[in-house]
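Structural characterization, general
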Amino acid sequence: MPKKVKFRKQQRGNNKGIAVRGNYISFGEYALKAAERGLLSARQIEAARKAISHKTKRGGKLWIRVFPDKAISKKPMETRMGSGKAPTDHYAVVIKPGKIIFEMSGVTEETARDAFRRASDKFPIKTRFVSKEALL
């Protein structure tokens, strides 16, 4: 969740195209890359982070390359239409295909692969495991 925002509510916007920024490994050796578009909520990112840190036994270093700064509003259940836009329910990040979500170093490839598989189970989008030496 952002500390401070200029406007409380945001429009939905569109999610076309592929990731132009944040689409290559810049910190770690292994990464979890988005294969399709969608939204990731702050809770999903935190659940994935906890799954990774549990699997790696807090070994190695983990970088989270996304930040949930898009306000998602939601009306309460059984509320009639109209009466303005709903208040902010949660924050999410817009994910385009090719975006790097997590990066990791300091662990074996097998451990990283398993940790990222567990993390991807928390996400509503398809992801792919990539490594730095495979891209070179």
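Anything mentioned here points back to the structure above.
Throughout, residues of each chain are indexed from 1 in the direction in which the sequence is written. Residue-level local features of this predicted model are given only where pLDDT is at least 70; pairs of side-chain atoms are given and counted only at 80 or more, and the full residue set underlies all totals for whole chains, interfaces and linings. Based on all heavy atoms of the structure, the side-chain values leave hydrogens and waters out of the count.

Let's talk about the sheet that holds strand S4 (residues 70-73)
Going by this rule: Two strands pair if DSSP finds at least two bridges between them. Helix numbers and strand numbers start at the N terminus; a helix is a DSSP run of H or I with at least 4 residues, a strand a run of E with at least 2. Interaxial angles span 0 to 180 degrees and are taken between N-to-C directions of axes, which are lines fitted to C-alpha atoms, for helices over the stretch in contact. Throughout, a contact is declared for two residues whenever any of their heavy atoms are within 4.5 Å.
Strand order across the open sheet formed by 3 strands is S2-S5-S4, with antiparallel pairing between neighbours. Two strands in the sheet have a free side with no partner beyond their single neighbour: strand S2 (38-41) and S4. Direction aside, neighbouring strands of the sheet carry axes that sit 50° apart on average. Inspection of the sheet shows S2 paired to strand S5 (residues 88-95) by 4 bridges, in the antiparallel sense. Within the sheet, the bridge partner assigned to Gly38 lies in S5 and is Ile95. The strands that helix H1 (residues 42-55) touches are S2 and S5; relative to S2, the one it contacts most, it runs at about 70°.

Brief notes about the pattern of salt bridges
What counts is decided by this rule: The rule for a salt bridge is simple: a side-chain nitrogen of Lys or Arg has to be within 4 Å of a carboxyl oxygen of Asp or Glu. Buried means the residue's accessible area, taken with a 1.4 Å probe over protein chains only, is under 20% of the maximum for its type, while exposed means over 50%, and partly exposed covers the values in between.
Across all of its chains, the model carries 7 salt bridges by this definition. The shortest N-O distance in the salt bridge between Glu109 and Arg113 comes to 2.8 Å. You can see Glu109 and its partner Arg113 sitting in helix H2 (residues 109-120), 4 residues apart, about one turn around the helix. Judged by relative accessible area, which is 29%, Glu109 ranks as partly exposed. A salt bridge links Arg117 to Asp121; its shortest N-O distance comes to 3.6 Å. With relative accessibility at 54%, the residue Asp121 sits in the exposed group.

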